[in-house]
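Per-entry structural report
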Amino acid sequence: MPRWPTAPTPRPPPAVHRLAHNGPVDDVDSFSALLTPEGQALLEELRDHDPGRELAVATRLRRHHPAELVSAALGQARLRQRAVAKFGAADAQRMFFTPQGVEQSTRAAVAEHRARRFEEIGVHRAADLCCGIGADAIALARAGVQVLAVDRSPLTCAVARANMAALGLSRRVEVRCADVTEVDVAEFDAVFADPARRNGRGRVFDPEAYSPPLSWAVETARRAPHGALKVAPGIPHEAVPEDAEAEWVSDGGDVKEAVLWFGTAPRVRRATVLPTGASLLGTGLPAPPVGPVGRWLYEPDGAVVRAHLVADVAERIGGRLIDPTIAYVTADVLHQVPYATAYEVTDTLPFNLKKLRSLLRERGVGVVTIKKRGSAVEPEELRKRLRLHGSDSCVVFLTRVAGSPTVLLAQPAERR
Ligand SMILES: C[S@@+](CC[C@H](N)C(=O)[O-])C[C@H]1O[C@@H](n2cnc3c(N)ncnc32)[C@H](O)[C@@H]1O
């Protein structure tokens, strides 16, 4: 056998020299450098820094610290700023992130709602399978649950561990770097899983293309007394297993996720609206009646629409649909319900650009909020073509009433 000359194995350079150059850290050693006293001091200096002055700040910091560490700290500081919207400033400024981790993590309000439900059903020990940077594990731990948090990415696990330490939760959360398919869930009274819904090419929609696939997660959830699986809000109702409850959750009006619950209420459909936390449980009502547009128009929350619970909202407000295929409810009486936003209808007219423009001008409306359901009109295109001037504002609904393209002008109920 020929003996090839072998080059000496290069020694890895010290951790700080392998830090990613332009911001976000890209490996465990580089990330660990941020946890050293010097890394922490840099992060502290960068708290609340002005992104507009980043160059000047970096130049100043590089006089006293390795350039790579300064870049990594700046990258982490940027991620913390991005994370404020999800976690609030107090936590975000103490936590650690990766770009993907901040993107994929559950926002705190949603994770807290789920953790409250786990607490209510008496869960003490949960496995968080696919824990990412740990947003769900944090909420569970704060709700008093003992958590095993598992992810297969070593960097993500290092970040999750740092987060538990930063938030004083290390005693409640064990972070384990492993493939979740190898975890024995027998000792847990609940399984939570948030499979990755993105691959190298972007978002995946087929639940069997999740990592790990949804069918694996369902089988695993069924092995514990309770289970909750986070899935995309667009999951078709037919894909919800017979023995699962399906909950759609919105926060501030945006639908954030759907969760399949096992061990709670099979076949129930639930819409939860945050921040109030009001939960509407489906009662299997038939389609609501259809009738003329009344004084009030109700726009059901996206979670209600996704959960197919518009009929339940209509019943609560004694309302009817404006069209059999459109999720707008109308009524003659004002009811404030957390599941729908109420508007007072001022005008109902067939869709016609010229007539709409002249009516809005006549009213002195310069600012419109355009909402649509069942209309092909592009709101931004319409806004341009309306060329509005004026000091008043109104809401323009582009929709169908009894099959005809219709415009409703309205004012939010709270502005009256
Ligand atoms: C959507 S993220 C989880 C986010 C997390 N719930 C949070 O709020 O921070 C999905 C995670 O699943 C991990 N993952 C995907 N497949 C896995 C597998 N087979 N075993 C372990 N982790 C896996 C990915 O590394 C990624 O961090």
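Scope of this entry: the structure provided in the associated data block. Nothing here was measured: the structure is a model prediction, and the numbers come from that model.

Here we come to the overall build of the protein chain. Along its length, the protein chain carries 13 helices and 18 strands. Taking the principal axes of the C-alpha coordinates as reference, the protein chain spans close to 85 × 55 × 50 Å. Taking as baseline every contact in the protein chain between residues at least 6 positions apart, the subset at least 24 positions apart corresponds to 66%. Of the roughly 20100 Å² of accessible surface on the protein chain, a fraction of 52% belongs to carbon and sulfur atoms. Mean positive and mean negative side-chain charge positions of the protein chain (54 and 50 charges, respectively) differ by 5 Å.

We now examine the site of the ligand. The local shell around the ligand holds 21 residues, among which Thr106, Asp136, Asp151, Asp194 and Ser211 are the closest. Contacts to the ligand include Asp136, whose side-chain N or O atom sits 2.8 Å from a nitrogen atom. In this structure, Arg152 approaches the ligand through a main-chain N or O atom, which is 3.1 Å from a nitrogen atom. Looking at the shell around the ligand residue by residue, the class counts come to nine nonpolar, seven polar and five charged.

Where helix α3 (residues 54–62) meets helix α4 (residues 67–92), the closest approach of the two axes is 9 Å, and the angle between their N-to-C directions is 145 degrees. Remark: the crossing between α3 and α4 carries right-handed chirality. Facing Glu54, Ala58, Leu61 and Arg62 of α3, the residues of α4 in contact are Ala67, Val70, Ser71, Leu74 and Arg78. Partitioning the contact of α3 with α4 into residue classes produces five nonpolar, one polar and three charged.

Attention shifts here to α4. Taking 1.5 Å of rise per residue, the 26 residues of α4 would be expected to cover 38 Å, yet its terminal C-alpha atoms sit only 24 Å apart, more than 12% below that figure. Considering bend angle alone, the principal kink of α4 is centred on Lys86 and spans about 120 degrees.

On inspection of all chains with the given rule, the structure shows 25 salt bridges. In this structure, Arg78 and Glu54 form a salt bridge, with 2.9 Å as the shortest nitrogen-oxygen distance. In this pair, Arg78 sits in helix α4 while Glu54 sits in helix α3, placing the two residues 24 residues apart along the sequence. Given the relative accessible area of 33%, Arg78 is considered partly exposed.

Taken in spatial order, the nine strands line up as β3-β2-β1-β4-β7-β9-β8-β10-β11 in an open sheet, and their pairing is mixed. Unpaired on one side and paired on the other, β3 (173–177) and β11 (278–281) mark the two borders of the sheet. Across the sheet, the mean angle separating the axes of adjacent strands is 20 degrees when strand polarity is ignored. Where strand β1 (residues 125–129) and strand β2 (residues 146–151) come together, five bridges link them in parallel fashion. Within β2, the residue paired with Ala126 across the bridge is Val147. Taken strand by strand, helix α8 (residues 154–166) contacts β2 and β3, and its axis lies near 170 degrees from that of β3.

Locating Asp347 in the fold gives a position in strand β15 (residues 340–350). Here Asp347 falls in the buried class, since its relative accessible area comes to 15%. There is a polar contact of 2.6 Å between the side chain of Asp347 and the side chain of Arg363. Those residues within four positions of Asp347 in sequence are excluded, and the remaining contacts are Leu359, Arg363, Val407, Leu408 and Leu409.

Glancing now at the pairing of strand β4 (residues 190–193). Because side chains alternate across β4, one face comprises the buried residues Ala190 and Phe192, and the other comprises Val191 and Ala193, equally buried. Relative to β4, β1 runs parallel, the two being bridged by four bridges. Looking at the pairing, Leu129 lines up with Ala193 of β4. Bridge analysis of β4 against strand β7 (residues 226–231) gives four bridges, and the strand direction is parallel. Note that in β7 the partner of Phe192 across the bridge is Ala228.

Our next topic: empty space enclosed by the protein. Counted according to the given criterion, the structure contains two cavities of 30 Å³ or more. Here the largest cavity defines a volume of roughly 80 Å³. Looking at the largest cavity, it is lined by 13 residues, and the ones nearest its centre are Phe87, Ala108, Ala135, Ile138 and Arg142. Counting residues per element, the ones that place at least two in the lining of the largest cavity are α4, α6 (108–120) and α7 (135–142). For the lining of the largest cavity, the leading source of residues is α7, giving four residues. Its boundaries defined by the atoms lining it, the second largest cavity holds a volume of some 40 Å³. Lining the second largest cavity are Leu43, Leu46, Arg47, Asp48, Ala77, Arg80, Gln81 and Gln93. Going through the elements one at a time, α2 (37–46) and α4 are the ones with two or more residues in the lining of the second largest cavity. When its residues are assigned to classes, the lining of the second largest cavity shows three nonpolar, two polar and three charged.

Criteria and thresholds
- Residues numbered from 1 in each chain as written.
- Predicted model: local features only at pLDDT ≥ 70, side-chain atom pairs only at ≥ 80, totals over all residues.
- Heavy atoms only, no water.
- Helix = DSSP H or I, 4+ residues; strand = E, 2+ residues; numbered from the N terminus.
- Contact = heavy atoms within 4.5 Å.
- Areas by Shrake-Rupley, 256 points an atom, 1.4 Å probe, with all protein chains shown as cover.
- Lys, Arg positive; Asp, Glu negative; His and termini not counted.
- Charge placed at Lys NZ, Arg CZ, Asp CG, Glu CD.
- Near = heavy atom within 4 Å.
- Polar contact = N/O pair within 3.5 Å; in protein donor to acceptor, adjacent residues only side chain to side chain.
- Nonpolar A, V, L, I, M, F, W, Y, C, P; charged D, E, K, R; others polar.
- Axes fitted to C-alpha atoms, helices over the stretch in contact; angles between N-to-C directions.
- Left-handed = near helix turned anticlockwise from the far one by under 90°.
- Expected span 1.5 Å × (residues − 1).
- Bend = angle between axes of the 7 residues up to and from the residue.
- Salt bridge = Lys/Arg side-chain N within 4 Å of Asp/Glu carboxyl O.
- Buried < 20%, exposed > 50% of the residue type's maximum accessible area, 1.4 Å probe, protein only.
- Pairing = 2+ DSSP bridges.
- 1 Å grid on protein atoms, 1.4 Å probe; cavity = no way out; pocket = protein on both sides within 12 Å on 5 of 7 lines; lining within 4 Å.
- Points joined across faces, edges and corners; volume = space filled by probe spheres on them.

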